[in-house]
Amino acid sequence: DDSCASHATVVAPILKSLGFNGTFYICDFASFKTRKDWYLTWRQIKALARDGFEIGNHTVGHGGGSGIKAFLNLDDQLMANNIPRSTTVCWPRYQVNTKTYPDLAANGYIFGRGGHSRPYRPTVDSPFDVPSFGVQSNISVEKFISYVQQAAGGRVVVLTFHGVPDME
């Protein structure tokens, strides 16, 4: 989440070495443009996509609003940098806008990640509001295990990391 540079330098190599995949949600906000020591470059984002990781859409400006324009604007930037258009979105600040679901679907999006700190229930929850657990650097091992153990009975646990570390 949030285009942290550590996604390319720390997270992707670990995931790849363990045979895991992941989604890196990219947003283009003020610090993304100016702090390349903290945030991914377009070259790094392209390399993540080339390595088979999903590049998700977290909007231009890290803002939502009443429509999907901020998502479409980021997709324009991805395509301008020869990075495949995203099919999943991440709601900035987990502010899910249910009114945009039809527009998201019409524009080829299939999933949206929200917050809620609970597992995703595919037969109950909207695919445009997939819940996730936020994992911060100060989380205890016991708490992390309690999240992962909830992946049972058809429930899917989605974990959200904001950089490892998140420099900002």
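Scroll up for the structure.
Residues numbered from 1 in each chain as written. Predicted model: local features only at pLDDT ≥ 70, side-chain atom pairs only at ≥ 80, totals over all residues. Heavy atoms only, no water.

Peer 1: Explain the packing of aromatic side chains here, please?
Peer 2: We describe a pair of aromatic rings using the distance from one ring centre to the other and the angle between the two ring planes. Applying the stated criterion across every chain, the model contains eight aromatic pairs. Where phenylalanine 71 meets tryptophan 91, the ring centres are 5.6 Å apart and the plane angle is 85°; that geometry is what we call edge-to-face. One end of the pair, phenylalanine 71, is in helix H4 (residues 69–80); the other, tryptophan 91, is in the loop between strand S3 (88–90) and helix H5 (101–106), with 20 residues separating them in the sequence. Each ring, one from phenylalanine 71 and one from tyrosine 109, has its centre 6.4 Å from the other, and the planes form 55°; the classification is tilted. (Phe/Tyr/Trp six-rings, centres within 6.5 Å; stacked < 30°, edge-to-face > 60°. Helix = DSSP H or I, 4+ residues; strand = E, 2+ residues; numbered from the N terminus.)

Peer 1: So what exactly am I meant to see when it comes to the nonpolar core here?
Peer 2: Where a protein is soluble and globular, its nonpolar side chains tend to be buried together. Formed by 18 residues in total, the largest nonpolar core has its most connected members in Phe24, Ile45, Leu48 and Ile55. It is helix H1 (residues 6–17) that contributes the most residues to this core, four residues altogether. Ignoring anything within four residues of it in the chain, the contact list for leucine 48 reads His7, Ala8, Ala12, Phe24, Leu40, Phe53 and Ile55. Residues Val89, Trp91, Tyr101 and Leu104 belong to the second largest nonpolar core, which totals eight residues. (Core = buried A, V, L, I, M, F, W, Y, C linked by side-chain atoms within 4.5 Å. Buried < 20%, exposed > 50% of the residue type's maximum accessible area, 1.4 Å probe, protein only. Contact = heavy atoms within 4.5 Å.)

Peer 1: Before we go on, may I ask you to explain H4 in this structure?
Peer 2: Three or four residues apart is the spacing at which side chains of an α-helix point the same way, because the helix has 3.6 residues per turn. Here H4 is twelve residues long and its end C-alpha atoms lie 16 Å apart, about the 16 Å a rise of 1.5 Å per residue gives. Those residues of H4 lying buried are Ala70, Phe71, Leu74, Asp75 and Leu78. Each buried residue of H4 lies within a common arc of 140° when the element is viewed along its axis, so the set occupies one face. Facing away from the buried side of H4 by over 90 degrees, the exposed positions are Lys69 and Ala80. Where the residues of H4 are buried, they touch strand S1 (23–28), helix H3 (42–50), strand S2 (54–60), S3 and H5. Where H4 ends, the next residue or the one after it, asparagine 82, has phi of about 60°, a positive value. (Expected span 1.5 Å × (residues − 1). Arc of directions from axis to C-beta.)

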